[in-house]
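Below, each chain spelled out in residue letters.
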Amino acid sequence: MLELKDFRVSVGGAEIIKGVNLIAPSGEVHAIMGPNGSGKSTLSYALAGREGYEASGVAKLDGQDLLALAPEERAHKGLFLSFQYPVELAGVPALTFLKAAFNAQRKGRGEKEMAAPEFLKLVRSKAEALKMPQEMLKRGLNAGFSGGEKKRMEALQLSLFQPKLAILDETDSGLDIDALKIVADAVNATRAPDRTMLVITHYQRLLDFIKPDRVHVLARGRIAASGGPELALELERSGYDRYLEAA
Amino acid sequence: MSLALPSRRDEAWKYSDLARALSGHDLSSVAPARGGSVIASMARAFAEEERVLTIASRDGVHAVEHSLSHEARGAVTRIHVPALQAGMVVETIYGHLNLAAGLSEIRIEEGGALTRIVIQQDAQKAVSAEEIAQVALNEARVSVAAGGTFRQFVIAEGAKLARIETHVALDGEGGEVELNGVYMVREGRHADLTSTVTHQAANARTKQLIKGVARKGGRGVFQGRIVVPRGAQGTDARQYHRAILLEDGAEIDAKPELEIYADDVSCAHGNAIGALDADQLFYARARGIPEAEARALLIEAFLIEAIPEDLPQRDDLITRVQRWLQT
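Undergrad: Give me the lowdown on the overall build of chain A, citing residues and values where you can.
TA: Secondary structure assignment for chain A yields nine helices and 12 strands. For 247 residues, the compact-globule formula gives about 18 Å, and the C-alpha radius of gyration of chain A, at 18 Å, lands near that figure. Projected onto the principal axes, the alpha-carbon positions of chain A cover approximately 55 × 40 × 35 Å. Residue pairs at least 24 apart in sequence account for 69% of intrachain contacts in chain A once pairs closer than 6 positions are excluded. Once the 33 positive and 32 negative side-chain charges of chain A are each reduced to a mean point, those two points are 3 Å apart.

Undergrad: Let's hear about the interface of chain A and chain B: which residues, and what values?
TA: Each partner contributes to the interface: chain A provides 30 residues, whereas chain B provides 17 residues. Carbon and sulfur atoms make up 66% of the area that chain A and chain B hide from each other, which totals about 1900 Å². The interface formed by chain A and chain B contains three salt bridges. With a shortest N-O distance of 2.7 Å, A:Glu72 and B:Arg285 are connected by a salt bridge. For the interface between chain A and chain B, the tally reads 11 residue pairs in polar contact (both at pLDDT 80 or more).

Undergrad: Describe empty space enclosed by the protein, with residues and values.
TA: All names here are of chain B. Going through the model one piece at a time under the given rule, you end up with three cavities of 30 Å³ or more. Roughly 90 Å³ of internal volume is contained in the largest cavity. The wall of the largest cavity is formed by 13 residues, among which Gln152, Leu193, Ser195, Gln208 and Ile210 lie closest to the centre. Contributions of two or more residues to the lining of the largest cavity are made by strand S8 (149-156), strand S9 (161-170), strand S10 (176-185), strand S11 (190-199), strand S12 (205-214) and strand S13 (219-228). The biggest single contributor to the lining of the largest cavity is S11, with three residues.

Undergrad: Run through the side chain of A:Asp172, naming residues and quoting values.
TA: Structurally, the position occupied by A:Asp172 is in the loop between strand S9 (165-169) and helix H7 (177-189). Within the buried set, A:Asp172 has no salt-bridge partner at all; the shortest N-O distance to an opposite charge, 4.6 Å, is to A:Arg205.

Undergrad: So what about the pairing of strand S12 (residues 222-227) of chain A? Which residues, and what values?
TA: One face of the sheet, then the other: side chains in a regular strand alternate in exactly this way. All names here are of chain A. For strand S11 (residues 214-219) and S12, the ladder comprises five bridges, and the chain directions are antiparallel. Bridging across to S12, His216 finds its partner in Ser226. If you look at the hairpin formed by S11 and S12, you'll find two residues sitting between the two strands, and Arg220 has a positive phi there, around 50°.

Undergrad: Go over the nonpolar core, please, and point to the residues and values.
TA: Grouped together as the largest cluster of nonpolar side chains are 112 residues, with contacts concentrated most on A:Leu4, A:Phe7, A:Leu47, A:Phe97 and B:Val213. For this core, the element with the most residues is helix H4 (residues 291-304) of chain B, which contributes eight residues. Among residues more than four places away in sequence, those in contact with A:Leu4 are A:Val20, A:Asn21, A:Leu22, A:Leu43, A:Leu47, A:Val58 and A:Ala59. Grouped together as the second largest cluster of nonpolar side chains are 24 residues, B:Ile106, B:Val197, B:Ala237 and B:Ala262 included.

Undergrad: Give me the pattern of salt bridges: which residues, what numbers.
TA: For side chains bearing opposite charge, pairing can occur when the charged atoms are close. Residues and elements named next belong to chain B. A complete count under the given rule lists 36 salt bridges over all chains for this structure. The salt bridge partner of Lys14 is Glu11, with a shortest N-O separation of 3.7 Å. With relative accessibility at 29%, the residue Lys14 sits in the partly exposed group. Of the charged contacts in the structure, one is a salt bridge between Asp236 and Arg238, with a shortest N-O distance of 3.0 Å. Asp236 sits in the partly exposed class, given a relative accessible area of 23%. Judged by its relative accessible area of 27%, Arg238 falls in the partly exposed class. Members of the salt-bridge network, linked through shared partners, are Arg44, Glu50, Arg78 and Glu105.

Definitions and cut-offs
- Residues numbered from 1 in each chain as written.
- Chains lettered and ligands numbered in written order.
- Predicted model: local features only at pLDDT ≥ 70, side-chain atom pairs only at ≥ 80, totals over all residues.
- Heavy atoms only, no water.
- Helix = DSSP H or I, 4+ residues; strand = E, 2+ residues; numbered from the N terminus.
- Rg over C-alpha atoms; globule rule 2.2 N^0.38 Å.
- Contact = heavy atoms within 4.5 Å.
- Lys, Arg positive; Asp, Glu negative; His and termini not counted.
- Charge placed at Lys NZ, Arg CZ, Asp CG, Glu CD.
- Buried area = accessible area lost by both parts, 1.4 Å probe.
- Salt bridge = Lys/Arg side-chain N within 4 Å of Asp/Glu carboxyl O.
- Polar contact = N/O pair within 3.5 Å; in protein donor to acceptor, adjacent residues only side chain to side chain.
- 1 Å grid on protein atoms, 1.4 Å probe; cavity = no way out; pocket = protein on both sides within 12 Å on 5 of 7 lines; lining within 4 Å.
- Points joined across faces, edges and corners; volume = space filled by probe spheres on them.
- Buried < 20%, exposed > 50% of the residue type's maximum accessible area, 1.4 Å probe, protein only.
- Pairing = 2+ DSSP bridges.
- Core = buried A, V, L, I, M, F, W, Y, C linked by side-chain atoms within 4.5 Å.

Written out as structure tokens, the structure is:
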């Protein structure tokens, strides 16, 4: 469960997130929708612990305070951020990176690291489900990948790490409809009773494929409205203007 | 006449003050070699004999690897690659001497190929910045005849002053040169990779990729010059230097120079010195990799890009990079 209470984030002295209150229970998928500049990416970066994002208030994952932790420690506690723009690491083979991250998380939780052959088997089966060619795992992580391939690599990590909180930041950007379906299938397959998902998006389109339990509208750094899936459809019809004026 | 040591006032030694690094050394026995550089003069004065190495391919096909270690104060080696022969030389410069000068004179004849790997090691024992006394100098003069190939890879950990100079003359048409390298310097270390390539003939190619990192109190220097005279039409030359300042108080100086007098050529160069990419670092940490480990992973990836994929010693060289990162 993710719990935010009077959650505020400043970047370079300017307050972007201005007191967000939100409870997203385990097992649920919550969508956070908002226009450009509403603070969606700031919210996800701050939750993941990015430097330069000064957060205050309360942010708890399953009762554990996130704000005191370094980014890697948040990952060990089960936080996963799927990046809007995943970085390219040309000299690091994807497989090397995945194994380093997977075992660092295990180590951080006091668990035993997984041996190479076992890990390889696990990755291969996950990659297959995402229709990713094995060859992609040997190349540098995301190096020269298309937008769709990068998002698939993010989805692979989501299904590999099995986080308690998955934040999907604009997962649909840069995807054509076929790639979107594959990534959405992967996300849907990772829905679980002990997992919270936060789907951050500008457009309703993604929510045709990933059905949210709750929808929140973020406008000018605040939650302007919350409701069921019907709220997303209403936004698609009438746009964000109403909420921007009210905010 | 004794040897005049270059200082920062000499353009070629602007970033590496040899006179200062060698103050206190008695060099009265070193006579300036005729037409030779300061490194050549020292190598000749200190060397007890001249080594001669003739490269012959095994079965006429496979490159034979030769090891040359610079364990004496001076070493002069003549390497001859006859026409259509191919070979490999690995030169190791150890860190136990206070002053070592090496000179390699390399002649590659038509269609011959030589791969040269230079490994310049820091002192074996951990030596503090104040204690480090080693001055390691190395110079290679290479001539490449038509259709010949010279590939070089240098890995330098630096010393009080370490300078690896390479001067290549592409004398025949269609010659190929690759001059890659990596330098990595910690506190008190100075590594200088200096090179010139002169395209005397047409349709020759030069590729150069140098990557470096410096920690606090370490200094890296790259000086690379490619000269394309009027007659060298069809030249293809690419030179890139990329470096990362790992901490405040690190220094990297670069002087890339491309001098082109011919008009039908394809040349490019680039030089970039910056910090470790913050986006990459955050991405790795957000996936659970602790900061120190994430930094090492990224630096390793950055550096090893300069090690050609098909180099037989690639794995050993990567291990050297990893070892440096771990200490």
